[in-house]
Amino acid sequence: MIVKWLHVLTSTILFGTGIGSAFYLLTATLRRDPVVVAAVTRTVVIADWLFTSTTAVLQPLTGFWLVHLGGLALSSFWLKWSIVLYVLAIACWLPVVHLQIRLRDVANDAARNGHPLPPRYWRLFRMWFALGIPAFLAFVGIFYLMVTKLQ
């Protein structure tokens, strides 16, 4: 079934891009080299727009289509909690996108001017990191619920 394949594919791309982008941004930031951080944040912002945003839209569309095709009740435990966790993850991700753009801009300024990453970068980075934890845990929970379909 093509809808199920699309749902699984887009969930993999959504989670994979998210975890990969987070890993690269985290490791680049820990190097504290503004030139490296500027390059990585530029790529992370592009990846978010190309992959994360499109799959974040496709996930609920294909998911609700599968619910309809399967005649499933949205009130079932695993579906209800998957939706709640998805809303939580997206609510965390939306400000993260904005933070990544700001991180990119601050890192670009520092790299262009030959300065270290300023305190503003580190404040934004802490917010980015703090929002990433519940988003990551929410997506792990969704995968668990989708695989086990707990009643």
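Here the structure is shown first, and the text comes after it.
Here goes a summary of the coordinates provided. Every chain is numbered independently, its residues counted from 1 as its sequence is written. The model is predicted, so local features are restricted to residues of pLDDT at least 70 and side-chain atom pairs to those at 80 or more, both for listing and for counting; the totals for chains, interfaces and linings are taken over all residues. Remark: hydrogens and water are excluded; side-chain values derive from all non-hydrogen atoms of the structure.

Before going further, it helps to examine helix 1 (residues 2-31). Residue pairs three or four apart in sequence face the same way in an α-helix, which turns once every 3.6 residues. Secondary structure elements are taken from DSSP: a helix is a run of H or I of four residues or more, a strand is a run of E of two residues or more, and numbering for both begins at the N terminus. To estimate the expected span of a helix, count its residues, drop one, and scale the result by 1.5 Å. For helix 1, with 30 residues, the first-to-last C-alpha span of 43 Å sits near the 44 Å given by 1.5 Å per residue. Buried within helix 1 we find V3, H7, T10, S11, L14, T17, S21, L25, A28 and T29. Elements that come into contact with the buried residues of helix 1 comprise helix 2 (34-70), helix 3 (77-113) and helix 4 (119-148). A positive phi of about 65 degrees marks R32, the residue just after helix 1. Exposure classes here rest on a 1.4 Å probe applied to the protein chains alone. A residue is buried below 20% of its type maximum, exposed above 50%, and partly exposed in between. The contact rule is simple, with two residues in contact once any of their heavy atoms fall within 4.5 Å.

A separate point is the packing of aromatic side chains. The aromatic pairing rule takes the rings of Phe, Tyr and Trp, using the six-membered ring of Trp, and pairs them if the centres are within 6.5 Å, calling planes under 30 degrees apart stacked, those over 60 edge-to-face and the rest tilted. A full pass over the atoms with the stated rule returns 11 aromatic pairs. Note on F77 and W81: the rings are 6.5 Å apart at their centroids and 50 degrees apart in plane angle, and the pair reads as tilted. Linking F77 with W81, this pair stays in helix 3, spanning four residues, or about one helical turn. A relative accessible area of 38% means that W81 is categorised as partly exposed. Through pairs of rings, three or more aromatic residues link up here, namely F15, Y86, F136, F139 and F143. The criterion is that NZ of a Lys, or CZ of an Arg, lies within 6 Å of the ring centre and within 35 degrees of the ring normal, and then a charge sits over that ring. One cation-aromatic arrangement involves R32 over W122; the distance from NZ or CZ to the ring centre is 4.5 Å. Of note, K149 hangs over the ring of W78, and the distance from its end group to the ring centre comes to 4.9 Å.

Before going further, it helps to spend a moment on the pattern of salt bridges. The term salt bridge refers to a pairing of a side-chain nitrogen on Lys or Arg with a carboxyl oxygen on Asp or Glu at a separation within 4 Å. Within this structure, the stated rule accounts for two salt bridges. Here D105 ties to R104 by a salt bridge, and the two come within 3.0 Å at their closest N and O atoms. Here D109 ties to R112 by a salt bridge, and the two come within 2.4 Å at their closest N and O atoms. Pair noted here: D109 and R112 are both in helix 3, with a separation of three residues, about one helical turn. A relative accessible area of 60% means that R112 is categorised as exposed.

So, on to the layout of surface pockets. The rolling of a water-molecule-sized probe over the atoms marks out the regions of remaining empty space. Think of a 1 Å grid over the protein atoms and nothing else: a 1.4 Å probe that fits but is trapped marks a cavity, an open set flanked by protein within 12 Å on at least five of seven lines marks a pocket, and residues with an atom within 4 Å of a point count as lining. Grid points are joined across faces, edges and corners, and a volume is the space filled by probe spheres set on the points. Taken as a whole, the largest pocket spans an internal volume of roughly 690 Å³. In this structure, the largest pocket is lined by 26 residues; those nearest its centre are H7, Q59, G63, W78 and M146. Put simply, the parts of the chain that give the lining of the largest pocket at least two residues each are helix 1, helix 2, helix 3 and helix 4. Ranked by residue count, the leading element in the lining of the largest pocket is helix 2, at seven residues. Its boundaries defined by the atoms lining it, the second largest pocket holds a volume of some 480 Å³.

Running from N to C, helix 2 and helix 3 cross one another at 160 degrees; their axes reach a closest spacing of 9 Å. In this view, helix 2 runs roughly antiparallel relative to helix 3, as classed from their interaxial angle. For the pair helix 2 and helix 3, the crossing hand works out as left-handed. Axes, fitted as lines to C-alpha atoms, cover a helix only where it is in contact. Angles between the N-to-C directions of the axes lie from 0 to 180 degrees. Note on angle classes: values under 35 degrees are labelled roughly parallel, values over 145 roughly antiparallel, values of 65 to 115 roughly perpendicular, and the remainder oblique. The sense of a crossing depends on the near helix, which, turned anticlockwise from the far helix by less than a right angle, makes the crossing left-handed and, turned clockwise, makes it right-handed.

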